[in-house]
Amino acid sequence: MDKTLADLRKDYTLQDLSETAIDPNPVIQFKKWFEQVLAAQIPEPNAMTLATATPDGKPSARMVLLKDFDEQGFVLFTNYNSHKGQELAANPQAALVFWWAELERQVRIVGTVEKISPQQSDSYFEMRPPNSRLGAWASNQSQVIVSREVLEQQLEEFQRQYANQEVPRPPHWGGYRVIPREIEFWQGRPSRLHDRLLYTRWDNGSWKIERLSP
């Protein structure tokens, strides 16, 4: 290769981010940015990194999809028995990171995690394509399997079991809500002097805004 990793760099020049231009509510500010991401037709705009940790501090991270957000928090869905589900059960703290390279923007969210209600999980599960619903039954997420064929056989078994009927939500599958206590908006700027504005939630539910050095 012609370039080494140390040579790879980009100067960010598209936009700036000022205290006077942002909304005092970070959820509203996130909504504004997310609408701009949708307008830019960025692939997988709701893709985000979910970072979790064991009680003794061993971290792990993976890409997941944001499926809803509001003043209560940011919602994702998964298998409760997966590695992330086990870590969240033991240590209900998480971080989310969105990276939208085309807009030179990043959002980082840190907070506590809770399961959403079974009714909310049911409502979303019913919206999923039939094969995705069957896949939630067929996959023992994060568990070792001997071959791809085992997974496909399990899917075929559930296809037969639920032929010509509605596929119910598995009890081990549902949603989590990340309740933010920090939300940081990052806008790339020239010379690595990026704009970073951090919202921190006060005990009364209001938000403090501070600029961070890049």
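Residues numbered from 1 in each chain as written. Predicted model: local features only at pLDDT ≥ 70, side-chain atom pairs only at ≥ 80, totals over all residues. Heavy atoms only, no water.

An unreviewed UniProt entry annotates the protein chain as Pyridoxine/pyridoxamine 5'-phosphate oxidase of Anabaenopsis elenkinii CCIBt3563. Check the Function (unreviewed entry) section of the UniProt entry for the protein chain; it says "Catalyzes the oxidation of either pyridoxine 5'-phosphate (PNP) or pyridoxamine 5'-phosphate (PMP) into pyridoxal 5'-phosphate (PLP)." If you open the UniProt record of the protein chain and go to Subunit (unreviewed entry), you find "Homodimer." (UniProt positions renumbered as here; feature names shortened; annotations may be inferred.)

(A) Main features of the overall build of the protein chain. Scanning the protein chain from terminus to terminus reveals five helices and nine strands. Start at the N end of the protein chain and walk to the C end: the helices and strands fall as α-β-β-β-β-α-β-β-α-α-α-β-β-β. Principal-axis analysis of the C-alpha atoms gives the protein chain an extent of 60 × 55 × 40 Å. Across the 214 residues that make up the protein chain, the buried fraction comes to 39%. Expressed as a percentage of contacts within the protein chain between residues at least 6 apart in sequence, the contacts between residues at least 24 apart total 64%. When the accessible surface of the protein chain is totalled, it reaches about 12,500 Å², and 52% of it is carbon and sulfur. Taking the 25 positively charged and 28 negatively charged side chains of the protein chain as two groups, their mean positions are separated by 2 Å. (Helix = DSSP H or I, 4+ residues; strand = E, 2+ residues; numbered from the N terminus. Buried < 20%, exposed > 50% of the residue type's maximum accessible area, 1.4 Å probe, protein only. Contact = heavy atoms within 4.5 Å. Areas by Shrake-Rupley, 256 points an atom, 1.4 Å probe, with all protein chains shown as cover. Lys, Arg positive; Asp, Glu negative; His and termini not counted. Charge placed at Lys NZ, Arg CZ, Asp CG, Glu CD.)

(B) Quick peek at the pairing of strand β2 (residues 59-65). Of the strand pairs in this sheet, strand β1 (residues 47-53) and β2 are connected by seven bridges, and their pairing is antiparallel. Note that in β2 the partner of A51 across the bridge is A61. Counted along the chain from β1 to the antiparallel partner β2, the turn is five residues long, and its residue G57 has a positive phi close to 95°. (Pairing = 2+ DSSP bridges.)

(C) Quick look at the side chain of T78. Structurally, T78 is set in strand β4 (residues 73-79). Residue class for T78 comes out buried when judged on its relative accessible area of 4%. Reaching out from T78, the side chain makes a polar contact with the side chain of Q141 at a distance of 3.1 Å. Not counting chain neighbours up to four residues away, the residues in contact with T78 comprise K84, Q141, H172, W173, G174 and Y176. (Polar contact = N/O pair within 3.5 Å; in protein donor to acceptor, adjacent residues only side chain to side chain.)

(D) Representation of the pattern of salt bridges in the model. Tallied over the full model, the rule gives 14 salt bridges. For R108, the salt bridge is made with E184, and the minimal N-O distance between the two is 3.0 Å. Separated by 76 residues along the polypeptide, R108 in strand β6 (residues 105-115) and E184 in strand β7 (residues 173-187) bring together distant segments of the chain. Under the relative-accessibility criterion, E184 is labelled buried at 2%. Across the pair E114 and R177 runs a salt bridge, and its minimum N-O distance is 2.9 Å. Separated by 63 residues along the polypeptide, E114 in strand β6 and R177 in strand β7 bring together distant segments of the chain. Take E114: its relative accessible area is 34%, and that puts it in the partly exposed class. Relative accessible area serves as the criterion here: at 7%, R177 is assigned to the buried category. (Salt bridge = Lys/Arg side-chain N within 4 Å of Asp/Glu carboxyl O.)

(E) Representation of the nonpolar core. The biggest cluster of nonpolar side chains holds 30 residues, and the ones touching the most others in it are F30, L96, F98, W100, V107, I109 and F185. Only α1 (26-39), β1, β4, β5 (93-100), β6, β7 and β8 (195-201) provide two or more residues apiece to this core. Not counting the four nearest positions on each side in its chain, I109 is found in contact with F74, A94, A95, L96, F98, V178, P180, E182 and I183. One finds V75, F125, W137 and Y162 within the second-largest nonpolar core, a separate group that totals 13 residues. (Core = buried A, V, L, I, M, F, W, Y, C linked by side-chain atoms within 4.5 Å.)

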